Amino acid sequence: MNSVERAVFLVLLSVIAFSEAQGQANKAPPANCQPWRVPVEVDPPKHNNRPYYVEMHRCMGQCTNIALISPLQCECVAATTQDITLNVVTPLGYESQIFKNHTSCRSQCKASYKERCIKEGYNWDEPTCTCSCPKQLSGSCAANQFWNTGSCQCECNSAPSTCSSGMSWNKSSCSCQCSAMAFAKCSKNGWATSLRTCRCIRPQPKAAQVEKSQSSESETKLVVSLVVIGLLLGTLFVIDLVLMWSKKGFMYGLKTKCSEKKGDTEFINGTEAETGSVDMSKNCKHTNHYTEQQPIAIV
């Protein structure tokens, strides 16, 4: 190593040492659980008394009996306190007021965190203020899942980078499944969703619905046929009435044939006497004249 390389190497060592020294100097020191002198409100929340704040010791800081414990699980509370009497100015004059001054502190688990842990079925560990997963649940995972002791649930071994169009990754089944958007899109148009392709498909009608539809179609056809026949008959009737005024048509011919009579059949004394032949159509009814039987005088 020549002199130039040696000089460069020494400069690099100096820079590294200086950076480490700066890092150590700027490293934030921890504020452990202990009595800290802080301002305390004198008369909250009205603040009618003066001074508004006084200095007292309060237990604050991170828990020291448990390493790296979160403030969500552990809190710093007062172990011993001391009553201090101070004179403050009130609207009515001077008045003595007692303040609690914390003299020693201790770390304890948060009651709210403990209650939630037990309520959700986890095992509570008081010395460490932590929740642990029930052991009986660790063997309930599927073949493609593993038991996560941090979240206390079965999780997928691996997830694909992307799923097909219309699909999203489902953590419960560890597979790509149709997304909620795909179901909503098909449902909006009244269609079903294919679970294999996540595309919209026409729903298959049920047997009862098919029979009901066929029955409804038959009834509709029958009603339409009857209406058409009725309209045709009504039209023919109206046309025949018009022709009747012109002395034409079916009804006029029928009326004429029924009124033309060439003979009548009379019954006298129970004996049928034909006075003339009657020429009538089959659609006309025979008109019979009946006379009462009169006694015949014998001369």
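Note that this is a predicted model, so its numbers are computed, not measured. (Residues numbered from 1 in each chain as written. Predicted model: local features only at pLDDT ≥ 70, side-chain atom pairs only at ≥ 80, totals over all residues. Heavy atoms only, no water.)

**Observations concerning the state of the cysteines**
Logical step 1: Tallied over the full model, the rule gives eight disulfides.
Logical step 2: Note that C59 is cross-linked by a disulfide to C105, the S-S spacing being 1.9 Å. The S-S bond linking C59 to C105 shows a torsion near -90°; that makes this disulfide left-handed. On the criterion of sequence distance, the pair formed by C59 in strand β2 (residues 53-60) and C105 in strand β4 (residues 93-109) is long-range, its members being 46 residues apart.
Logical step 3: Take C59: its relative accessible area is 9%, and that puts it in the buried class.
Logical step 4: Here C156 pairs with C174 through a disulfide, and the sulfurs are 2.1 Å apart. One disulfide, between C156 and C174, carries an S-S torsion of -100° and so falls in the left-handed class. One end of the pair, C156, is in strand β8 (residues 153-156); the other, C174, is in the loop between β9 (167-170) and β10 (175-178), with 18 residues separating them in the sequence.
Logical step 5: Classification of C174 as buried rests on a relative accessible area of 10%. (Disulfide = S-S within 2.5 Å. Helix = DSSP H or I, 4+ residues; strand = E, 2+ residues; numbered from the N terminus. Buried < 20%, exposed > 50% of the residue type's maximum accessible area, 1.4 Å probe, protein only.)

**Re the nonpolar core**
Logical step 1: Judged by nonpolar contacts, C63, I69, C74, C109, Y113, C117, W124 and C129 together constitute the single largest core of eight residues.
Logical step 2: Ignoring anything within four residues of it in the chain, the contact list for C74 reads C63, I69, S107, Q108, C109 and K110.
Logical step 3: One finds V38, V42, V54 and F99 within the second-largest nonpolar core, a separate group that totals seven residues. (Core = buried A, V, L, I, M, F, W, Y, C linked by side-chain atoms within 4.5 Å. Contact = heavy atoms within 4.5 Å.)

**Remarks on a nonpolar patch on the surface**
Logical step 1: Together, I229, L233, L236, I239 and L243 line one region of the surface with nonpolar side chains, adding up to about 470 Å² of accessible area.
Logical step 2: Within the secondary structure, I239 sits in helix α4 (residues 207-245). (Patch = residues over 30% accessible without salt bridge, like charges linked within 9 Å, V, L, I, M, F, W, Y side chains within 5 Å. Areas by Shrake-Rupley, 256 points an atom, 1.4 Å probe, with all protein chains shown as cover. Salt bridge = Lys/Arg side-chain N within 4 Å of Asp/Glu carboxyl O.)

**Here we look at the pattern of salt bridges**
Logical step 1: Inspection of the entire model under this criterion finds three salt bridges.
Logical step 2: R37 is paired through a salt bridge with E55; the nearest N and O atoms lie 2.6 Å apart. Taken together, the residues span a long stretch of sequence, with R37 in strand β1 (residues 34-41) and E55 in strand β2 at a distance of 18 residues.
Logical step 3: The residue K100 makes a salt bridge to D83 at a minimum N-O spacing of 2.9 Å. Remark: D83 occurs in strand β3 (residues 74-90) and K100 occurs in strand β4; sequence separation between them is 17 residues.

**What about unusual backbone geometry?**
Logical step 1: Look at the link from P44 to P45: it is a cis peptide, with omega at -5°.
Logical step 2: Within the secondary structure, P45 is located in the loop between β1 and β2.
Logical step 3: P51 follows R50 through a cis peptide bond whose omega is 5°.
Logical step 4: Here P51 is to be found in the loop between β1 and β2.
Logical step 5: In this structure, H47 is a non-glycine residue whose phi angle is positive, near 60°.
Logical step 6: In this structure, C129 takes a positive phi of about 55° despite not being glycine.

**Points about the environment of W191**
Logical step 1: In this fold, W191 is placed in the loop between α3 (180-188) and β11 (192-193).
Logical step 2: According to the relative accessible area criterion, W191 is partly exposed, its value standing at 35%.
Logical step 3: Along the chain, W191 and R202 lie eleven residues apart, while their C-alpha atoms are 5.3 Å from each other.
Logical step 4: Residues contacting W191, with those up to four places away along its chain left out, are C186, C200, I201, R202 and P203.

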